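Notes for the structure review
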Amino acid sequence: MTEVNQDIDLSLYMNESAIQDLGPVIEGVQVWGPVTNQDFRKTFLDWYDKESRRLPWRESKDPYRIWVSEIMLQQTRVDTVIGYYARFLSAFPTIKALAEAEEDQLLKVWEGLGYYSRVRNMQAAAQQIMADHDGIFPDNLADIKKLKGIGPYTAGAIGSIAFGIPVPAIDGNAMRVISRLFMINADIQKPANRKIFEAVGQYLVDPDRPGDFNQAIMDLGSSFETPKKAMPELSPLRDFTMATLTGTTDNYPVKSKKAKAKPVYYQALIIQNAKGQVLIEKRTQHKLLNNLWTVPLINLGTSANQDLPANEKTAFLLAETQEAYGISPIFMRKEIGQVKHVFTHLIWHILLTYGQLKPVDEKKINDMMTSGEADYAWVAPHQFEDYAFPTVQMKVWQAYEDYQKDNHHNIK
């Protein structure tokens, strides 16, 4: 027997709401019947036709453009994506251009969006399309789902919007809207429960306008059915939504708490040469921020060394720098700033330490750069555009710039 995944008996609201008939029980959720479903779709799409957001990726049915927008919109706000979307398509206007792009250029265009695996997966998928589909984006769900970095939601969004495939696009937004419609009590943090929302979504989606339906869900989830401070009484679906009718909007979706992000401490080394340039390195062989540029970072583990006396901290830092880089800079005894950066599962706490190199150490670094032994570079502010920096490094630059202003220093 299928588990009941619903906190309400829908039959109690027959003719007391917009619900006129009952339909099947889907994955433990009683849904309304075909008459109500038809009214629901019409009400929803009439609202979307009048109130839909004007967004640049909605001006085209080109699957490439839709794909780019959907990948960018993962973990990122719409207003942030708009500028990146235009720059990305200017740099890589076609699947072929994306497939053939140099990684440094790719990461530079993506700089600041974070979650860099997204764009690396996009390039791998573009290369798949060139190799397996003659450079043409596949028009069926099975082949779309085989592309690197494309999961069920993105496949549903591209399939429905670009090709009119009647399939739902189930993400956090959609699960929130659907859970409130039917008071679904399944924990959305549990991957196994995704099938509940996909099955109910498949029942709801408009077969004639699936792309508009899925985009209407997106717009509703970002307006009247937001995670917090929702305004369900203004929603076009208020008479269909059980959580609104019972005053329980804030109870849905059911979502167990995530594990807390783990704090990690670093010492960022702002090391200058005789010309006033700062040493940076490319993070090769790192899982996090791989192939992006940062100043040298000394990992202090899960606790900072702030309790150590100043001379012991300096001695520790010199020893770590000598071991990692083979150099012994002249460090200031006091940190010049600090930065905090939150990843999904980690919180980086970074202390900035300023140092200058002796001529013998500068020569050692330059020799390693010339021989290709290490991915180092000397950089001044006017050269920042030549390198792909993660957001955390941009925060380090800002903290260093603030220090310079306060102390009347300037990089030459």
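Details of the structure are given in the entry above.
Residues numbered from 1 in each chain as written. Predicted model: local features only at pLDDT ≥ 70, side-chain atom pairs only at ≥ 80, totals over all residues. Heavy atoms only, no water.

1. Side note on the overall build of the chain
Regarding its fold elements, the chain presents 15 helices and 10 strands. For the chain, the C-alpha atoms occupy an extent of roughly 85 × 50 × 40 Å along the three principal directions. Of all 412 residues assigned to the chain, the portion counted as buried reaches 51%. Long-range contacts, defined here as pairs at least 24 residues apart, represent 65% of the contacts in the chain between residues at least 6 apart. Of the roughly 20300 Å² of accessible surface on the chain, a fraction of 50% belongs to carbon and sulfur atoms. Taken as two groups, the 45 positive and 50 negative side-chain charges of the chain have centres that lie 5 Å from each other. (Helix = DSSP H or I, 4+ residues; strand = E, 2+ residues; numbered from the N terminus. Buried < 20%, exposed > 50% of the residue type's maximum accessible area, 1.4 Å probe, protein only. Contact = heavy atoms within 4.5 Å. Areas by Shrake-Rupley, 256 points an atom, 1.4 Å probe, with all protein chains shown as cover. Lys, Arg positive; Asp, Glu negative; His and termini not counted. Charge placed at Lys NZ, Arg CZ, Asp CG, Glu CD.)

2. Concerning the pairing of strand S1 (residues 22–26)
Bridge count between S1 and strand S2 (residues 29–32): three bridges; the pairing is antiparallel. For Val25, the partnering residue across the bridge sits in S2 and is Gln30. In sequence, S1 turns back onto S2 through a hairpin of two residues, with Glu27 there showing a positive phi of about 50°. (Pairing = 2+ DSSP bridges.)

3. A short note on helix H10 (residues 194–204)
Looking only at H10, the buried set comprises Ile196, Phe197, Val200, Gly201, Tyr203 and Leu204. The arc that holds every buried residue of H10, seen down its axis, measures 155°, which confines them to one face. Looking at the buried residues of H10, the elements they touch are S1, S2, helix H1 (34–51), helix H9 (172–182) and helix H11 (210–221). (Arc of directions from axis to C-beta.)

4. Description of the nonpolar core
General note: in soluble globular proteins, nonpolar side chains tend to be found buried as a group. Membership of the largest hydrophobic core comes to 72 residues, with the highest contact counts inside it found for Trp67, Phe88, Trp348 and Leu352. Leaving out residues up to four positions away in the same chain, Trp67 has contacts with Leu98, Met122, Ala125, Ala126, Ile129, Phe137, Ile150 and Ile158. Formed by 40 residues, the second largest nonpolar core is a distinct cluster that contains Val29, Phe44, Ile170 and Val200. (Core = buried A, V, L, I, M, F, W, Y, C linked by side-chain atoms within 4.5 Å.)

5. Side note on the environment of Gly159
Here Gly159 is to be found in helix H8 (residues 152–163). Classification of Gly159 by relative accessible area gives buried; the value is 0%. Residues Gly159 and Asn140 lie 19 residues apart in sequence; the distance between their C-alpha atoms is 7.0 Å. When residues no more than four places from it in sequence are discounted, the contact partners of Gly159 are Ile144, Gly164 and Ile165.

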